[in-house]
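Single-letter residue listing:
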Amino acid sequence: MFSNKKVFKRYFLQKLEMTYGKPFKDSTSSDHFQTLGHMIREYVSSNWINTNESYRKDKGKQVYYLSIEFLLGRLLYHNLINLGIEKVVSEGFSDLGINLHEVEEIECDAGLGNGGLGRLAACFLDSLATLNLPGHGFGIRYKHGLFEQRIVDGYQIELPEQWLKHGQVWEVRKEDLAVDIPFWGVIDMYEQDGKLQFRHLNAETVTAVPHDIPVIGYETKTVNTLRLWNAEPTSLLAKDVKDIMRYKRETESISEFLYPDDANDEGKILRLKQQYFLVSASLQSILKNYKQQYKDIKKFHQHISIHINDTHPVLAIPELMRILLDKEGLSWDEAWEITKNTISYTNHTTLSEALEKWPIYIFQPLLPRIYMIINEINERFCKNLWSKFPGDFQRIEQMAIIAHGMVKMAHLALVGSHSVNGVAEIHTEILKTREMNLFYQIFPEKFNNKTNGITHRRWLIKSNPKLTQLVTDSIGDKWIKHPTQLSKLLSYQTDTSFLQNLAAIKQENKVHLAKIIQEQNGIIVDPSSIFDVQVKRLHAYKRQLLNVLHIMHLYNLLKADPGLEITPRTFIFGAKASPGYYYAKKIIKLINTVAEKVNNDKNIQDKLKVVFLENYRVSLAEHIFPAADISEQISTASKEASGTGNMKFMMNGALTVGTLDGANIEMKELVGDNNIFIFGMNAEEVLDLYQSGGYRSTEYYHHDKRIQEVVNQLKNGFFDHESNEFDPIFDSLLIENDQYFVLKDFHSYAKIQEEVNTTYKDQQKWLQMCAVNIAKSGHFSSDRTIKEYADDIWKIKPLF
Ligand SMILES: *Cc1c(COP(=O)(O)O)cnc(C)c1O
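Since this is a predicted model, take the numbers as computed values, not measurements. Within each chain, residues carry numbers counting from 1 in the order of the written sequence. It should be noted that, the model being predicted, local features are given only for residues of pLDDT at least 70 and side-chain atom pairs only at 80 or more, the latter also being counted only at that level, while totals for whole chains, interfaces and linings use all residues. Calculated side-chain values reflect all of the structure's heavy atoms, with hydrogen atoms and water omitted.

Draft legend 1. Geometry of the site of the ligand. Nearness of a residue to a molecule or strand requires only that one of the residue's heavy atoms be within 4 Å of it. Residues in close proximity to the ligand total 13 residues, the closest being Lys536, Lys542, Thr644, Gly645 and Lys648. Polar contact is the term for a pair of N or O atoms within 3.5 Å; when the atoms are in protein, one must be able to donate a hydrogen and the other to accept it, and sequence-neighboring residues count only if both atoms are side-chain atoms. Within the side chain of Lys542, a nitrogen or oxygen atom sits 2.9 Å from an oxygen atom of the ligand. Lys648 has a polar side-chain atom sitting 2.7 Å from an oxygen atom of the ligand. Protein coverage of the free-state accessible area of the ligand, which is 390 Å², stands at 95%. Using a 1.4 Å probe, the Shrake-Rupley method yields the accessible areas, and only the shown protein chains count as cover for residues.

Draft legend 2. Up close: helix α26 (residues 664–671). Burial classification: accessible surface area is computed with a 1.4 Å probe over protein chains only, and a residue below 20% of its type maximum counts as buried, one above 50% as exposed, and the rest as partly exposed. Only DSSP runs of H or I covering at least 4 residues are called helices, and only runs of E covering at least 2 are called strands; the numbering of each starts at the N terminus. Residues of α26 that are buried include every one of Asn664, Ile665, Glu666, Met667 and Val671, and no others. It only takes one pair of heavy atoms within 4.5 Å for two residues to be counted as in contact. Contact partners of the buried residues in α26: α16 (425–435), β23 (630–633), α25 (645–651), β24 (655–658) and α32 (763–776). The first or second residue beyond α26 is Gly672, which carries a positive phi of 90°.

Draft legend 3. Region of the structure containing empty space enclosed by the protein. Space inside and on the surface of the protein is sampled on a 1 Å grid over the protein atoms alone, with a cavity defined as a set of points where a 1.4 Å probe fits but cannot get out and a pocket as an open set with protein on both sides within 12 Å along at least 5 of 7 lines; lining residues have an atom within 4 Å of a point. Grid points are joined across faces, edges and corners, and a volume is the space filled by probe spheres set on the points. Counted by the stated rule, this structure contains 4 cavities of 30 Å³ or more. Of the voids in this model, the largest cavity is the one considered here, and its volume is about 180 Å³. As for the largest cavity, its lining consists of 17 residues, of which Leu72, Leu75, His78, Ala122 and Val215 are closest to the centre. Among the elements that make up the lining of the largest cavity, the one with the highest residue count is helix α6 (residues 116–130) (5 residues). Put simply, Ala, Val, Leu, Ile, Met, Phe, Trp, Tyr, Cys and Pro go in the nonpolar bin, Asp, Glu, Lys and Arg in the charged bin, and everything else, Gly too, in the polar bin. Here the lining of the largest cavity is composed, by residue class, of 10 nonpolar, 4 polar and 3 charged. In this structure, the second largest cavity encloses a volume near 150 Å³. Among the residues forming the lining of the second largest cavity, the class breakdown is 7 nonpolar, 6 polar and 2 charged.

Draft legend 4. Region of interest: unusual backbone geometry. In this structure, Glu219 is a non-glycine residue whose phi angle is positive, near 50°. Residue placement: Glu219 occurs in the loop between β11 (204–216) and β12 (223–233). In this structure, Asp720 takes a positive phi of about 60° despite not being glycine. With respect to the helices and strands, Asp720 occurs in the loop between α29 (705–715) and α30 (727–734).

Draft legend 5. Expanded view of the packing of helix α1 (residues 5–20) against helix α2 (residues 29–58). Axis separation between α1 and α2 bottoms out at 10 Å; the angle between their running directions is 115°. Taken together, the axes of α1 and α2 lie roughly perpendicular to each other. Judged by the twist between their axes, the crossing of α1 over α2 is right-handed. Here Phe8, Tyr11, Phe12, Lys15, Leu16 and Tyr20 of α1 come into contact with α2, specifically with Asp31, His32, Gln34, Thr35, Leu36, His38, Met39 and Glu42. Here the residues of the contact of α1 with α2 are counted per class, giving 7 nonpolar, 4 polar and 3 charged. To get an axis, fit a line to the C-alpha atoms, keeping to the stretch in contact for a helix; angles then go from 0 to 180 degrees between the N-to-C directions. Angle categories: roughly parallel below 35 degrees, roughly antiparallel above 145, roughly perpendicular from 65 to 115, and oblique for all the rest. Each crossing gets its handedness from the near helix: less than a right angle anticlockwise from the far helix is left-handed, clockwise is right-handed.

Draft legend 6. Representation of the sheet that holds strand β16 (residues 402–403) in the model. Ordered by their spatial adjacency, 3 strands build an open sheet running β15-β17-β16, and the pairing between neighbours is antiparallel. Each edge of the open sheet carries a strand with a single partner, namely β15 (357–359) and β16. By the bridge criterion, 3 bridges tie β15 to strand β17 (residues 406–408) in an arrangement that is antiparallel. Paired with Trp358 across the strands is Val407, a residue of β17. Two strands form a pair only when DSSP identifies at least two bridges running between them.

Draft legend 7. Layout of the layout of surface pockets. Space inside the second largest pocket adds up to approximately 1100 Å³. If you trace the second largest pocket, you find 36 residues lining it, with Tyr77, His101, Ile461, Lys462 and Pro465 closest to the centre. It is helix α21 (residues 496–521) that provides the largest number of residues to the lining of the second largest pocket, a total of 6 residues. Residue classes in the lining of the second largest pocket are distributed as 9 nonpolar, 12 polar and 15 charged.

Draft legend 8. Spatial organisation of the pairing of strand β13 (residues 304–309). Extensive coverage of β13 is indicated by the burial of 6 of its 6 residues. Residues Ile304, Ile306 and Ile308 line one face of β13 and the alternating positions Ser305, His307 and Asn309 line the opposite face, and both faces are buried. Relative to β13, strand β1 (residues 62–66) is paired through 5 bridges, and the arrangement is parallel. When the sheet's bridge partners are listed, Leu66 is paired in β13 with Ile308.

Draft legend 9. Structural context of the side chain of Thr349. Along the chain, Thr349 turns up in the loop between β14 (343–346) and β15. Here the side chain of Thr349 touches Leu351 through a polar contact of 2.9 Å, landing on its backbone nitrogen.

Draft legend 10. Focus on the packing of aromatic side chains. Each Phe, Tyr or Trp ring, with Trp reduced to its six-membered ring, pairs with another whose centre is within 6.5 Å; inter-plane angles below 30 degrees give stacked pairs, above 60 give edge-to-face pairs, and intermediate values give tilted ones. Under the criterion given, the structure shown has 31 aromatic pairs. Between Tyr695 and Phe741, the aromatic rings sit 4.8 Å apart at their centres with planes inclined by 70°, giving edge-to-face as the arrangement. Within this pair, whereas Tyr695 is found in the loop between α27 (683–692) and α28 (697–703), its partner Phe741 is found in the loop between α30 and α31 (742–761), the two being separated by 46 residues in sequence. Members of the aromatic cluster, connected to one another through ring pairs, are Phe2, Phe8, Phe12, Tyr43 and Phe93.

Draft legend 11. Here's a closer look at the sheet that holds strand β25 (residues 677–678). Strand order across the open sheet formed by 6 strands is β22-β21-β20-β23-β24-β25, with parallel pairing between neighbours. On the outer flanks of this sheet lie β22 (608–612) and β25, each paired with one strand and no other. Strands in contact with helix α23 (residues 582–599) are β21 (569–574) and β22; relative to β22, the strand with the most contacts, it is inclined by about 145°.

Draft legend 12. Quick peek at the pattern of salt bridges. Salt bridges are defined by distance alone: a side-chain nitrogen of Lys or Arg within 4 Å of a carboxyl oxygen of Asp or Glu. Using the criterion set out here, one finds 51 salt bridges in the structure. As a salt-bridge pair, Glu334 and Lys298 come within 3.2 Å of each other at their nearest N and O atoms. Taken together, the positions of Glu334 in helix α11 (residues 332–342) and Lys298 in the loop between α8 (269–293) and α9 (300–303) put the pair 36 residues apart, joining distant regions of the chain. What makes Glu334 partly exposed here is its relative accessible area of 30%. You can call Lys298 partly exposed: its relative accessible area is 43%. Counted as one network, the salt bridges with shared partners bring together Glu104, Arg458, Lys462 and Glu622.

Draft legend 13. Looking closely at the environment of Tyr440. With respect to the element layout, Tyr440 can be found in helix α17 (residues 437–442). We classify Tyr440 as partly exposed; its relative accessible area is 27%. Here the alpha-carbon distance between Tyr440 and Leu414, two residues 26 residues apart in the chain, equals 9.4 Å.

Draft legend 14. Representation of the environment of Ile286 within the structure. Residue placement: Ile286 occurs in helix α8. Along the primary structure Ile286 and Ile304 are separated by 18 residues, whereas in three dimensions their C-alpha atoms are 8.5 Å apart. Those residues in contact with Ile286 that lie beyond four places of it in its chain are Tyr64, Phe138, Phe300, Ile304 and Ile306.

Set out below in structure tokens:
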């Protein structure tokens with residue numbers, strides 16, 4: 001149906017009229033989207049079936065990637081590209097007077113994630129399918145994804161997100177594959193044939209119904225599966241009406257909302273329910289499949305690998321134990337070996353407030369059998385430690401899985417898996433030498449690094465078609481399948497015509513973003529100014545505050561000397577703050593407050609503009625990265641595990657202003673010191689300074705007049721705000737001793753930004769730097785990351 005334009009048009013019109021019962025002339029963009037979506041699903045269905053059949057026949061190992069978040073964004077255009085039918089469709093549409101980009105806008109983002117962690121999972125699915133690897137995702141089909149952000153009077157307002165409002169073209173509901181999940185109740189122990197048996201009595205069950213989404217690889221027949229579980233009532237019989245209402249409400253609430261919190265958990269029962277719901281549904285489904293195909297449960301780990309994305313799905317460990325012990329009748333030792341060999345774990349953060357732990361009094365009643373198993377794992381582990389370190393109570397207390405009334409999820413993951421990886425070299429080093437050092441001492445073989453990556457198919461080919469064309473015109477198209485071949489661009493860094501084309505493309509992309517800014521914010525920005533961009537979740541450690549304070553300082557300079565020569569800049573922000581994160585919301589208000597004053601001050605002659613783009617999300621991000629000149633990656637060193645936004649910028653030819661943190665370090669090593677703007681303390685200095693306690697933020701306030709001026713302006717209403725509006729920010733800097741070293745790094749940041757200005761004046765040099773960055777960015781393709789996971793951790797092989 002996509003073989004050529006003519007066939008496509010005929011099929012499309014026929015399908016449209018059949019489905020909607022109206023003539024083409026009366027159809028809407030939404031009809032066009034739905035029709036095309038259904039056509040694509042139909043088109044891939046035989047490959048989808050064949051992929052599953054081939055996996056079954058091949059009997060190779062498969063991986064299941066469990067993640068509480070999948071930040072997919074839109075799928076239509078991405079699928080068209082991967083299927084290689086984008087041209088047929090866009091030209092066919094064009095003949096019919098339909099604009100494909102308008103149709104694309106109909107699709108809601110699948111925003112089932114908060115930020116980096118969920119987007120990583122989405123990029124991984126794309127790479128798995130493209131590399132023909134047998135790997136599938138398991139997640140939750142939240143009715144409402146991450147909240148929609150509005151900015152009203154400078155403040156963030158949250159609205160419930162409604163991605164399912166118009167139905168979901170990509171998913172297939174599979175009621176026949178539903179499974180039941182038990183909560184609450186009691187565990188009955190009894191003896192049978194001399195063996196202790198366990199029975200879950202009086203449980204309240206919830207039914208998990210799979211909704212499968214095809215994951216289409218690039219130019220391949222592989223179509224893998226993302227299975228999203230929906231929570232539904234099991235049975236409404238035998239309950240009185242009031243009970244039914246409560247039960248229905250409580251059940252459906254499990255897959256109602258994504259938790260809008262990417263760092264710390266509110267200690268909510270619902271969150272724990274979500275985690276067990278995902279894990280139990282996924283494992284039951286994996287086991288059922290396995291048993292249909294293989295007889296010997298003892299070979300499970302030879303055929304199946306289960307990966308847990310952070311600790312949210314860590315209950316996969318006790319859940320697999322439960323199934324192997326209670327259902328399959330294996331001994332503890334047999335079950336434990338299989339479990340450990342099946343499970344691998346990625347750590348995403350060293351922020352202590354983000355390390356998950358659950359109070360026993362919540363955990364035990366909700367998941368009684370799972371708690372028993374974790375308890376047993378803990379006792380055996382502690383006994384083991386005791387024999388290794390007799391009498392070392394302190395060590396054992398620090399390493400225990402259950403201690404001080406809490407279940408520690410990261411400890412469970414470390415003990416119950418065979419592989420633990422960090423997401424950038426420095427992050428893995430910090431895990432080994434500091435955060436998880438006690439575990440590293442006893443399981444050094446488990447630790448390994450897998451530096452994050454991004455799919456260049458979405459973040460370059462789809463989002464920046466002009467740059468894609470320039471690259472292909474220059475070095476051919478082999479880089480698309482082998483992104484490290486982008487390095488061939490290195491020989492173009494002195495090619496004037498290449499650099500001019502590069503500049504022209506950046507300019508066009510900036511004009512396009514400027515248009516979006518004008519439409520959304522009503523602000524006119526100059527596309528020839530430097531587009532300096534910080535887009536990511538709002539968090540103290542990411543230091544959007546450092547960026548704003550520096551803008552305030554630049555404004556002060558211009559106020560004092562309106563004739564001051566500075567390269568005009570447009571500072572662009574995008575960030576959602578967790579609804580309960582009061583401080584982060586104040587930073588949003590500060591950015592908007594500064595923007596209001598700066599943008600409307602005629603005296604500074606448009607040398608500075610500040611823009612806060614509301615509702616940062618994947619589909620908006622696709623317009624932002626291609627238009628950026630500067631990528632702000634300015635987290636307090638040691639705090640950002642890897643970052644992936646940094647990679648998207650780099651691939652689109654933006655230059656990084658960054659600290660030596662996360663993957664910035666690896667970027668610097670790739671491009672060399674001269675092609676990146678590094679500033680500030682390094683991780684070791686930060687961690688040592690925490691340890692020594694020698695930092696006094698007030699000294700920086702007293703000794704640096706620039707700092708004093710901007711910090712005072714937080715208090716004195718200078719930016720036309722209520723004078724106490726920003727007290728929490730003022731206090732964080734001076735009363736709470738500036739936990740993220742904003743003031744300490746200010747000088748170094750201001751200095752590197754001056755260097756950015758001077759460098760930008762030398763356009764030849766600047767463009768050369770951009771070219772080097774693009775050329776070296778292939779390393780950060782998630783294809784590279786996924787190959788490493790496949791070879792080192794999962795031991796899976798491509799089917800073709
Ligand atoms: C890539 C991405 C992120 C992660 O950005 P970081 O800068 O690495 O924190 C968050 N949100 C969206 C929508 C993204 O596309």
